[in-house]
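Here are the chains, one letter per residue:
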Amino acid sequence: MSAQTYDVVVIGAGPAGENAADYATRDSSRTALMVERELVGGECSYYACIPSKAMLRPIEVRASVRHLGGLPDDIPLDVAALLARRDYWVSDYSDAGQEKWAQGAGIDIARGTGRLIGERRVLITSSDGDREVEARLAVVVATGSSPVIPDVFAAVSPWISRDATGITEVPTSIAVIGGGVVSVEACHWLAALGAKVTLVVRGERLLDRFERFAADLVAEGLRAAGVDVRFGAQVAAASRKGAADTGLGKVHGGPVTLTIGGAVEEFAEVLVATGRKPATDQLGLDSIGLTPADFADPTARPDWLHVVGDVGGQAPLTHWGKYKARLVGDLIAARADGLPDPVVPDDVPVPQVVFTDPQVASVGITEAEAAAQDIDVECVEVDLTSASGTALLRDDAGGTAKLVFAAGGGNLLGATFAGTEVAELLHAATVAIVGHLTPEQLWHAVPSYPTASEVWLRLLEAYRAR
C-alpha cells in the first residue's frame, strides 16, 4: 500500500485538532490532513459546550426576567423553540460548515478511524477500505475522551452527556449521577424542560475542585429550581426492562429502577455523568513502542508525536485544548521554518465557567489548593452585590467573589466568582494572573460605574483593610 504524504497528520478533528492543523500550516505551503470518524468539529460543537449553552441561555434570561421589576414574571418556556435553537447551533448535526472551513484553510479531511502503524505513519480505516498516510513533520493525536460508565449501569443503557444535550424526549423523571460540571448544568435545563430531577452525588458537595462557597451556591440554586439534591448517596443496583439505545436524546426503554442508599426508586431515565477517560484504545500505540503510560508522558513520546485536547489527560476544557493545540501548531511551524521553539510560560492558569444559576467562574488556584501545595497566601472575599452593577442585574442578585494572592502583597494566584452573570468577569482575572499583577497594580485598574466589574474595587478595598 503506497502512502500519501502530508506535512502534518492530525488524528481527530475536534476543536483541538482543527487548531493544531490550522496553526501548523497557516500562512505557509505546508499541508495537513485531519482524520475524523464522526463529525468534524468534535464533541464540543455538537454534543457538549455549544448545545448546552444554547439551551441554558434562554433559561437564564427567563430567570432574570422573573426577578426584574418592571417586567412580567410569568414568561413561559417554549420547549420546542428552545430545542430548535439548540438544533440551529449544532447545525442540525451536520458538519458541512466545518468541512467548508477546512477547505478554505487548505486542510484535507479523511473520514474514518486513524491508527498509528509506525513512525509518522497512520492507517485510516473506513467503509471505503484502508488508506495509509505519512507525515513529514508531525502526527498530532486529538482523539478526545469517552464517558466512563460504572458497571452498575452497564445493562440499563443510561443516558450519557450526549443524550442530555441532544434531548428530544423529556423524561417525566430522571436521576442524574455525579456532582461535576456536566451534571449540574444538565440538571438546570432538564428541570426547566419539565423533568422531575434527582441529583445523586456520592460525595458531600458539588464541584469539588472549586471554592466551597461556589459549590454551596450552586446546590442552593439547583434546589430553588426544584432539583432534589442528595449528597452521600450511591447507586448500589440498577435495572431496566427494554433497555436499548433508541437514539440520541430519546428515553432508552422502560423505567429505570435504582437502589439508592438502601431505598428502591423508579425513574423514567438515568443520566450517568461520572467522568471521562482519554480515548487511546484504538491508537495503535504499540506500533511505535509506547504504552498508555508512555503516551501520557510528554518526555516519553518521540518528538514527531504531539498530543492535544482531552486525550492528553489535562484539563478537559475546549478552550484549554485549543490553547494547547495552538502551542503545538506554533511549535511545528517554528521547527519547520528552522526557528527556535517558542517560549511558553509554565504557569498559565486554567479558566473555567459553570453555566448554572448562579454561574461560577474560576481561574488559578483555590485557597484549599494553595494550602495543599504549601503556598502562603492572603485571601479576600466580598459579596458580589457590594458592586452596584451586580445588584442592578437582578432584583434577587447575590453571590460571592474571592481572590487569592501570594502572601506579602504578592501577585494574584486565583479568583472565583459565583453569582449572576459572572462569566464575563473571569477574563480580567485570567489576564491579571498571567500578568503577575499585584494588589497595588490592580488598585490602578479603574472599573467603570455602575458595572459588575466594580467588585474588583470592593475586593481590593477588602485586601487593604485586612
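About the criteria used
Residues numbered from 1 in each chain as written. Predicted model: local features only at pLDDT ≥ 70, side-chain atom pairs only at ≥ 80, totals over all residues. Heavy atoms only, no water. Phe/Tyr/Trp six-rings, centres within 6.5 Å; stacked < 30°, edge-to-face > 60°. Helix = DSSP H or I, 4+ residues; strand = E, 2+ residues; numbered from the N terminus. Buried < 20%, exposed > 50% of the residue type's maximum accessible area, 1.4 Å probe, protein only. Pairing = 2+ DSSP bridges. Expected span 1.5 Å × (residues − 1). Contact = heavy atoms within 4.5 Å. Axes fitted to C-alpha atoms, helices over the stretch in contact; angles between N-to-C directions. 1 Å grid on protein atoms, 1.4 Å probe; cavity = no way out; pocket = protein on both sides within 12 Å on 5 of 7 lines; lining within 4 Å. Points joined across faces, edges and corners; volume = space filled by probe spheres on them. Nonpolar A, V, L, I, M, F, W, Y, C, P; charged D, E, K, R; others polar. Salt bridge = Lys/Arg side-chain N within 4 Å of Asp/Glu carboxyl O. Patch = residues over 30% accessible without salt bridge, like charges linked within 9 Å, V, L, I, M, F, W, Y side chains within 5 Å. Areas by Shrake-Rupley, 256 points an atom, 1.4 Å probe, with all protein chains shown as cover. Arc of directions from axis to C-beta. Parallel < 35°, antiparallel > 145°, perpendicular 65-115°, else oblique. Left-handed = near helix turned anticlockwise from the far one by under 90°.

*Asks:* Which parts of the structure should I look at to understand the packing of aromatic side chains?
*Replies:* The way to describe two aromatic rings as a pair is by their centre distance and the angle between their planes. Tallying each qualifying case throughout the model produces six aromatic pairs. Ring geometry for Phe-417 against Trp-456: centres 6.0 Å apart, planes inclined by 50°, an arrangement best described as tilted. Remark: Trp-456 occurs in helix H15 (residues 455-464) and Phe-417 occurs in strand E21 (residues 412-419); sequence separation between them is 39 residues. You can call Phe-417 buried: its relative accessible area is 0%. Ring pairs connect the aromatic residues Tyr-46, Tyr-47 and Tyr-93, which therefore count as one cluster.

*Asks:* Honestly, the pairing of strand E5 (residues 121-126) in this entry has me stumped. Any pointers?
*Replies:* Two faces make up the sheet, and in a regular strand the side chains alternate between them. With five bridges joining them, strand E4 (residues 113-118) and E5 adopt antiparallel strand pairing. By the bridge assignment, Arg-115 is partnered in E5 with Leu-123. If you look at the hairpin formed by E4 and E5, you'll find two residues sitting between the two strands, and Arg-120 has a positive phi there, around 60°. Relative to strand E6 (residues 129-141), E5 is paired through six bridges, and the arrangement is antiparallel. Paired with Leu-123 across the two strands is Glu-132, which belongs to E6. Hairpin geometry of E5 and E6 is characterised by an intervening segment of two residues between the two adjacent antiparallel strands.

*Asks:* Looking at this structure, how should I read helix H10 (residues 318-336)?
*Replies:* With 19 residues, H10 should reach 27 Å at 1.5 Å per residue; the first-to-last C-alpha distance of 27 Å fits that figure. Those residues of H10 that are buried lie in contact with strand E1 (4-11), helix H1 (15-25), E6 and strand E16 (305-307). Looking one or two places after H10, you find Gly-338, whose phi comes out positive at around 75°.

*Asks:* Help me understand the sheet that holds strand E14 (residues 269-272), please; the structure alone is not making it clear to me.
*Replies:* Two strands in a sheet stick together by hydrogen bonds in their backbones, pointing the same way (parallel) or opposite ways (antiparallel). Read across the sheet, four strands follow the order E10-E9-E8-E14 without closing on themselves; strand pairing throughout is parallel. Strands with a single pairing partner mark the edges of an open sheet, and in this sheet they are strand E10 (228-230) and E14. When the angles between neighbouring strand axes are averaged without regard to direction, this sheet yields 15°. Looking at chain direction, strand E8 (residues 173-177) and strand E9 (residues 196-200) are connected through five bridges and run parallel. In the strand pairing of E9, Val-176 is matched with Leu-199. Along the sheet, helix H7 (residues 181-192) contacts E8, E9 and E14; its crossing angle with E9, the most-contacted strand, is approximately 165°.

*Asks:* Looking at this model, I keep getting lost on the pairing of strand E17 (residues 351-354). Mind explaining?
*Replies:* Neither face of E17 is open: one carries Pro-351 and Val-353, the other Gln-352 and Val-354, and all of them are buried. Connecting E17 to the next strand, strand E18 (residues 359-364), in antiparallel fashion are four residues.

*Asks:* For this particular structure, what's the right way to read empty space enclosed by the protein?
*Replies:* A water-sized probe rolled over the atoms picks out the places where empty space is left. Applying the stated criterion across every chain yields a total of one cavity of 30 Å³ or more. The volume enclosed by the largest cavity comes to roughly 30 Å³. Contributing to the lining of the largest cavity are Glu-60, Thr-356, Asp-357, Pro-358, Gln-359, Arg-394, Gly-419, Thr-420 and Glu-421. Class assignment for the residues of the lining of the largest cavity results in one nonpolar, four polar and four charged.

*Asks:* Explain the pattern of salt bridges here, please?
*Replies:* Under the criterion given, the structure shown has 26 salt bridges. The residue Arg-111 makes a salt bridge to Asp-95 at a minimum N-O spacing of 2.7 Å. Placement of Arg-111 in strand E3 (residues 107-111) and of Asp-95 in the loop between helix H4 (79-89) and helix H5 (96-104) is noted, with a sequence separation of 16 residues between them. Look at the salt bridges and you will find they share partners, linking Glu-38, Glu-43 and Arg-162 into a network.

*Asks:* Is there a simple way to explain a nonpolar patch on the surface in this structure?
*Replies:* Together, Ile-50, Tyr-88 and Trp-89 make up an exposed nonpolar region whose accessible area comes to about 350 Å². Of note, Tyr-88 is situated in helix H4. A relative accessible area of 61% places Tyr-88 in the exposed class.

*Asks:* Looking at this structure, I do not really get helix H13 (residues 426-434). What am I missing?
*Replies:* Because an α-helix completes one turn every 3.6 residues, residues spaced three or four positions apart along the sequence face the same direction. Regarding H13, the residues found buried are Leu-426, Ala-429, Thr-430, Ala-432 and Ile-433. Down the axis of H13, the smallest arc covering the buried residues is 165°, so these residues share one side. Packing partners of the buried residues in H13 comprise E17, E18, E21, helix H14 (439-442) and H15. Following H13 by one or two positions, His-436 adopts a phi angle in the positive range, close to 55°.

*Asks:* Can you walk me through the packing of helix H3 (residues 49-66) against H7 in this structure?
*Replies:* A pair of packed helices is captured by two measures, namely the crossing angle of their axes and the spacing between those axes. For the pair H3 and H7, the least separation of the axes is 10 Å and the interaxial angle reads 60°. Taken together, the axes of H3 and H7 are oblique relative to one another. Considering only the axes of H3 and H7, their crossing is left-handed. In this structure, H3 contributes Ser-52, Lys-53, Met-55, Leu-56, Ile-59 and Arg-62 to the contact, and H7 contributes Glu-185, His-188, Trp-189 and Ala-192. For the contact of H3 with H7, a count of residues per class yields five nonpolar, two polar and three charged.

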